[in-house]
Amino acid sequence: MSRLDVWLDIAAAACLLLGAALALSAGAGLVRFRTTLDRMHAGTKPQVLGVLLVLLAMWLHRPTWANAGPLLLAGISQVITVSVAAYMVARGAYSRERADDDTELPSED
């Protein structure tokens, strides 16, 4: 085993641990925060970075071009789908908040 392989394994382990810690913090944020928008923020930001770090760790463990393509595709898909899902959740929460507004409208009499 060469020195480069050892350093790549160390970097992969560091990325994997950091990615797992970010995913754990995202889960804790989903449980701890109360409002939809706060939960959405806690569930998207660290979770995406955590998944990307785990994908990077997977590539560092076996750095070949054959592994890079599917991992890159999974990372890009994660970034796109999470941002679109967060937008839709925020839009729904905003619409629901406006619908729950108890402000009475003036009568037309």
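For clarity, every value in this text was computed on a predicted model and none was experimentally measured. (Residues numbered from 1 in each chain as written. Predicted model: local features only at pLDDT ≥ 70, side-chain atom pairs only at ≥ 80, totals over all residues. Heavy atoms only, no water.)

### Things to note about the environment of Asp5
As for its placement among the helices and strands, Asp5 is situated in helix H1 (residues 3-32). For the pair Asp5 and Pro63, spaced 58 residues apart in sequence, the C-alpha separation works out to 9.9 Å. (Helix = DSSP H or I, 4+ residues; strand = E, 2+ residues; numbered from the N terminus.)

### Brief notes about the side chain of Thr44
As for its placement among the helices and strands, Thr44 is situated in helix H2 (residues 36-61). Overall, Thr44 belongs to the buried group, its relative accessible area being 13%. Within the structure, the side chain of Thr44 is placed 2.9 Å from the backbone oxygen of Met40, a separation counted as a polar contact. Discounting residues that sit within four places of it in the chain, Thr44 has contacts with Val82 and Ala86. (Buried < 20%, exposed > 50% of the residue type's maximum accessible area, 1.4 Å probe, protein only. Polar contact = N/O pair within 3.5 Å; in protein donor to acceptor, adjacent residues only side chain to side chain. Contact = heavy atoms within 4.5 Å.)

### Some points on H1
Since one α-helical turn is 3.6 residues long, residues separated by three or four positions face the same way. With 30 residues, H1 should reach 44 Å at 1.5 Å per residue; the first-to-last C-alpha distance of 43 Å fits that figure. For H1, the full list of buried residues reads Ala12, Cys15, Gly19, Ala26 and Gly29. Residues of H1 that are buried sit in contact with H2. (Expected span 1.5 Å × (residues − 1).)

### Brief notes about a nonpolar patch on the surface
On the surface, a cluster of nonpolar side chains totalling about 620 Å² of accessible area is made up of Leu72, Ile76, Ile80, Val84, Tyr87 and Met88. Secondary-structure assignment places Leu72 in helix H3 (residues 65-99). Assessed through its relative accessible area of 56%, Leu72 is described here as exposed. (Patch = residues over 30% accessible without salt bridge, like charges linked within 9 Å, V, L, I, M, F, W, Y side chains within 5 Å. Areas by Shrake-Rupley, 256 points an atom, 1.4 Å probe, with all protein chains shown as cover. Salt bridge = Lys/Arg side-chain N within 4 Å of Asp/Glu carboxyl O.)

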